[in-house]
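# Tertiary structure, described
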Amino acid sequence: MTISSTPEPRRPIVHLNGFPGVGKLTIARSLLEQLPSAKLVHNHLLINPADAVLHRTQPGYQDLRRSIRSSIFSTLANEPATFNTTYIFTDFQSDDDLGTAVCAEYLAAAEARRAVLVPILLFCDEKTNMQRLVSSDRELHSKLTDVELVTQFRRGKDIHRFTGHPNYLELDVSNFTPEEAAQRICEHIRGVCPEL
C-alpha cells in the first residue's frame, strides 16, 4: 500500500466583495443553506472588534484589522477542524492600495490552506443599492446606512476585482432575489470545486 505524501486539499474560501448595501450578507446567508458544511464570516465580525478598540481614523486601526484577519487565516491554514468546511467571507474592498493588499491576504490565506479561493464581485445598480442600504435589517445589525457616503464610494472608488483569477465571478444582483443570487454563486462554486 502506497501512502501519498501530497496532503488533501481543503474546502474552499469564498470571498464576496461589493459595496455596502448590495446584499452580500443576505446572499451569503442563503448560500449557507445551499452549500454543505459551510460557515459565514461576515465583515462586521472582523470590523467590530477593531472598532471597539480604535476608531478607523486613528493610527494603528488598520494594523489591528490586519492582526484580526491574520489570526483567522492562520486558523484556516493550520487547524484540521476547519479543513472540511467551506468559509464564506463578505467584504468591501476598493481597488486602492489598501483594498488590493487585503485581497492579496485572501489569496495568500487560500494558498497557505492549500485550498481554492473563489473570489466573487457582487454589484447592482445605484438605485437598488440605495434602497437596500436603508432597509431596517441593516439598522438592526448596526451596519452602514449612510446613503451619501455609499454614493461617494460608488462614484469615487472602484471596487477591487480579481481580474485574471481563474475562479473569479462578477454577478449583477440588481434583479435577483437573494436565493437566486446564491443559486448562481453555488453553481459557480460547484463548477470550480465539483467535489462539493
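Predicted model, so just to flag it, every value in this text is computed and none were measured.

## Concerning helix α3 (residues 61-78)
- Relative to the 26 Å expected for 18 residues at 1.5 Å per residue, α3 spans 26 Å between its end C-alpha atoms, a close match to the ideal helical length.
- Inspection of α3 places Y61, R65, I68, R69, F73, L76 and A77 among the buried residues, and these make up the whole buried set.
- Those residues of α3 hidden inside the fold are in contact with β1 (10-17), α2 (43-53), β3 (86-91) and α4 (97-113).

## Some words on α4
- Its 17 residues give α4 an end-to-end C-alpha distance of 24 Å, which sits within 8% of 24 Å, the value for a rise of 1.5 Å per residue.
- Residues G99, V102, C103, E105, Y106, A109, A110 and R113 constitute the buried set of α4. With its buried residues spanning 140° around the axis, α4 presents them on a single face. Seen from the buried face of α4, the exposed residues on the opposite side, beyond 90 degrees, are D97 and E111.
- Residues of α4 that are buried make contact with β1, α2, α3, β3 and β4 (115-123).
- Residue D96 occupies the N-cap position of α4, its side-chain oxygen lying 3.3 Å from the main-chain nitrogen of L98.
- Following α4 by one or two positions, R114 has its phi on the positive side, about 60°.

## Digging into the pattern of salt bridges
- For the structure on display, the rule yields 6 salt bridges.
- Between D63 and R66 there is a salt bridge, with the nearest N and O atoms lying 2.7 Å from each other. One end of the pair, D63, and the other, R66, are both in helix α3, 3 residues apart, so they sit about a helical turn from each other.
- According to the relative accessible area criterion, R66 is partly exposed, its value standing at 34%.
- Among the salt bridges present, the one from R69 reaches E105, with a minimum N-O distance of 2.8 Å. Here E105 lies in helix α4 and R69 lies in helix α3, a separation of 36 residues in the sequence. As far as burial versus exposure is concerned, R69 and E105 are alike and both buried.
- Linked through salt bridges whose partners overlap, the residues forming this network are D63, R66, R69 and E105.

## As for the environment of V173
- Relative to the helices and strands, V173 is located in the loop between β5 (169-172) and α8 (178-192).
- Taking the relative accessible area as the measure of exposure, V173 reaches 1% and is therefore buried.
- Remark: the alpha-carbon pair of V173 and V22, spanning 151 residues in sequence, is separated by 7.8 Å.
- Apart from the residues lying within four places of it in its own chain, the contact partners of V173 are V22, I27, L122, F123, C124, R132 and A181.

What counts, and where the lines are drawn
Residues numbered from 1 in each chain as written. Predicted model: local features only at pLDDT ≥ 70, side-chain atom pairs only at ≥ 80, totals over all residues. Heavy atoms only, no water. Helix = DSSP H or I, 4+ residues; strand = E, 2+ residues; numbered from the N terminus. Expected span 1.5 Å × (residues − 1). Buried < 20%, exposed > 50% of the residue type's maximum accessible area, 1.4 Å probe, protein only. Contact = heavy atoms within 4.5 Å. Arc of directions from axis to C-beta. Polar contact = N/O pair within 3.5 Å; in protein donor to acceptor, adjacent residues only side chain to side chain. Salt bridge = Lys/Arg side-chain N within 4 Å of Asp/Glu carboxyl O.

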